[in-house]
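Here's the letter readout for the chains.
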Amino acid sequence: MKRVTIRDVAEKAGYSITTVSMVLNNKPVSIPEKTRIKVWKTAEELKYRPNQLAVSMITKHSHVIGLIIPDNSNAFFAELSKEVELAAQREGYGVIYGNSNNDSKRDICYIRMFADRQVDGIIFARSSSQTQEDELRLLRVVKELSLPLVMIDRQIDNSDACAVLLDHFKGGYLAAKHLIRLGHTRIGAYTGPRSLQSSNERLTGYRFALEESGLPYDRSLVFEGNYTASGGEEALRYFLNQRASAVFCFNDLMALGLYREIAIAGLSVPDDISIIGFDNSFLSEIIHPALTTVEQPIAQMGRRAVSFLLRQIEGREIPPEQRRDIFEPKLVIRESVEEYGKD
């Protein structure tokens, strides 16, 4: 079916294209109310919809933002996407998505693609595969395109872009400290990719809690994961061989993978091994036993990222000292952890 244009509305209503355009774009000009009513009624009858690309070329705004996430199967990023979209909709913006699948090349491809589609700005969670060279290339692309950008959850070193982050060090500290208080001394750390600063900060928080409590940091209790559930079998075998009584998983999805393998092995949580996750995604409440986890305030982070981006889109200056917003994690205690040695 042929798209209805302003010309079609003008011919049907009996007015000039200029008059119809001013009415449909709510221009503050003196046009009789009778004319306005007839134009709007005709547009409705013809089911006229404005050509957003043409509108954006005139107004310099598409009222669309891009969101790039590294893994849309990860519950944290799925929930974050929903919150970003809700916050954007409240401000009159649409959202288009790109899932990089943790491929740094796709990060850049999506940024270029979104720029070609004239998005007003981008909210970006980088892939875990980025090298230092990839980061420099990405920053050059962003600078070249002059697009407003907000990084979320994961940042790039030496970038002055706005960022919405979590205090990952404190999150790691809270998880390890809780297990130590319950008498655990051999605590496994099932980390995310070591290429991510956020994962390293969680590990540093875990290590600080151990050393603060007089426990040695044992590298043999650290196993690198990839933030998916797929590595659970190898991870469980590793931690059992290291005689870990508890495991701090750096996200809820890896904890879910461990749950599955623990059940297959004929063991149980927390009787045989205690588990703590990270994110407090919806998964943490529906698995059994319910998962003790470190909460990221996903809704607030999503809203803040949109707010940061809109300030840039509107041309409002953000001082360098205000370009980082770091949120506080919170420990959510459920049934997946128990006191060590409890009968």
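Above this text you will find the structure in question.
Residues numbered from 1 in each chain as written. Predicted model: local features only at pLDDT ≥ 70, side-chain atom pairs only at ≥ 80, totals over all residues. Heavy atoms only, no water.

Trainee: Just give me the short version of the pairing of strand 6 (residues 187–191), but keep the residues and values in it.
Mentor: In terms of burial, strand 6 is a largely internal element, five of the five residues being buried. As defined by bridge partners, strand 6 adjoins strand 8 (residues 246–249) across four bridges and the pair is classed as parallel. Across the sheet, A189 pairs through a bridge with F248, a residue of strand 8. When strand 6 meets strand 7 (residues 222–224), the two strands line up parallel, connected through three bridges. Following the sheet pairing, A189 is matched in strand 7 by V222. Remark: the strand 6/helix 9 (residues 197–212)/strand 7 crossover connection has right-handed handedness. (Buried < 20%, exposed > 50% of the residue type's maximum accessible area, 1.4 Å probe, protein only. Helix = DSSP H or I, 4+ residues; strand = E, 2+ residues; numbered from the N terminus. Pairing = 2+ DSSP bridges. Right-handed = clockwise from strand over helix to strand, strands pointing away.)

Trainee: Residues and numbers for the pairing of strand 8, please.
Mentor: By the alternation rule, side chains of strand 8 split into A246 and F248 and V247 and C249, which are all buried. The sheet contact formed by strand 8 and strand 9 (residues 274–279) spans three bridges and is parallel. Residue pairing for strand 9: F248 is matched across the bridge by I276. A crossover links strand 8 with its parallel partner strand 9, the connecting element being helix 11 (residues 252–264), and its sense is right-handed.

Trainee: Help me get a handle on the packing of helix 2 (residues 17–24) against helix 3 (residues 33–45), residues and values and all.
Mentor: Packing of helix 2 against helix 3 brings their axes to within 10 Å, and their N-to-C directions diverge by 85°. Taken together, helix 2 and helix 3 sit at an angle that is classed as roughly perpendicular. Between helix 2, through T19, V20, V23 and L24, and helix 3, the contact on the second element is made entirely by T35, R36, V39, W40 and A43. Here the contact of helix 2 with helix 3 is built from residues that sort into six nonpolar, two polar and one charged. (Axes fitted to C-alpha atoms, helices over the stretch in contact; angles between N-to-C directions. Parallel < 35°, antiparallel > 145°, perpendicular 65-115°, else oblique. Contact = heavy atoms within 4.5 Å. Nonpolar A, V, L, I, M, F, W, Y, C, P; charged D, E, K, R; others polar.)

Trainee: I'd like a description of the pattern of salt bridges, backed by residues and values.
Mentor: Tallied over the entire structure, the rule returns 15 salt bridges. Here D134 and R137 are joined by a salt bridge, their closest N and O atoms 3.0 Å apart. Separated by three residues within a single helix, D134 and R137 lie in helix 7 (residues 132–145), roughly one turn from each other. Accessibility expressed as a relative area gives 13% for D134, which makes it buried. For R137, a relative accessible area of 31% translates into the label partly exposed. Among the salt bridges present, the one from D218 reaches R186, with a minimum N-O distance of 3.7 Å. Pair noted here: D218 is in the loop between helix 9 and strand 7 and R186 is in the loop between helix 8 (168–181) and strand 6, with a separation of 32 residues, a long-range link. We classify D218 as partly exposed; its relative accessible area is 25%. Among the charged side chains, a network of salt bridges with common partners joins E133, D134 and R137. (Salt bridge = Lys/Arg side-chain N within 4 Å of Asp/Glu carboxyl O.)

Trainee: Lay out unusual backbone geometry in plain terms, naming residues and giving numbers.
Mentor: Cis peptide bonds are those with omega within 30 degrees of zero, and the linkage from V269 to P270 qualifies with 0°. Examined against the element boundaries, P270 turns out to sit in the loop between helix 11 and strand 9. The phi angle at N101 is positive, at roughly 55°, despite the residue not being glycine. With respect to the helices, strands and loops of the structure, N101 is situated in the loop between strand 2 (94–99) and helix 6 (104–116). By relative accessible area, which is 48% here, N101 ends up partly exposed. Of note, Y227 is a non-glycine position whose phi angle comes to about 65°, a positive value. Assignment of secondary structure puts Y227 in the loop between strand 7 and helix 10 (232–241).

Trainee: Any chance you could break down helix 11 for me, citing the residues and the numbers?
Mentor: Taking 1.5 Å as the rise per residue, helix 11 with 13 residues should run 18 Å; its terminal C-alpha atoms sit 19 Å apart, in good agreement. Where helix 11 is concerned, the buried positions are D252, L253, M254, A255, G257, L258, Y259, E261 and I262. Packed against the buried residues of helix 11 are strand 6, helix 10, strand 8, strand 9, helix 12 (283–286) and strand 10 (292–295). A distance of 3.4 Å separates the backbone nitrogen of L253 from a side-chain oxygen at the start of helix 11, and that oxygen is part of N251. Positioned one or two residues after helix 11, G266 has a phi angle of 80°, which is positive. (Expected span 1.5 Å × (residues − 1). Polar contact = N/O pair within 3.5 Å; in protein donor to acceptor, adjacent residues only side chain to side chain.)

Trainee: Could you give an account of the nonpolar core, with specific residues and numbers?
Mentor: Of all hydrophobic cores here, the largest spans 70 residues; its most connected members are I65, I123, Y190, Y206, L258 and I275. Sorting elements by how many residues they give to this core places helix 13 (residues 298–313) first, with eight residues. Residues contacting I123, with those up to four places away along its chain left out, are I65, G66, L67, I68, V84, V150, I152, A305, V306 and L309. Among the nonpolar cores identified, the runner-up in size contains 19 residues, and Y110, F114, A115 and A163 belong to it. (Core = buried A, V, L, I, M, F, W, Y, C linked by side-chain atoms within 4.5 Å.)

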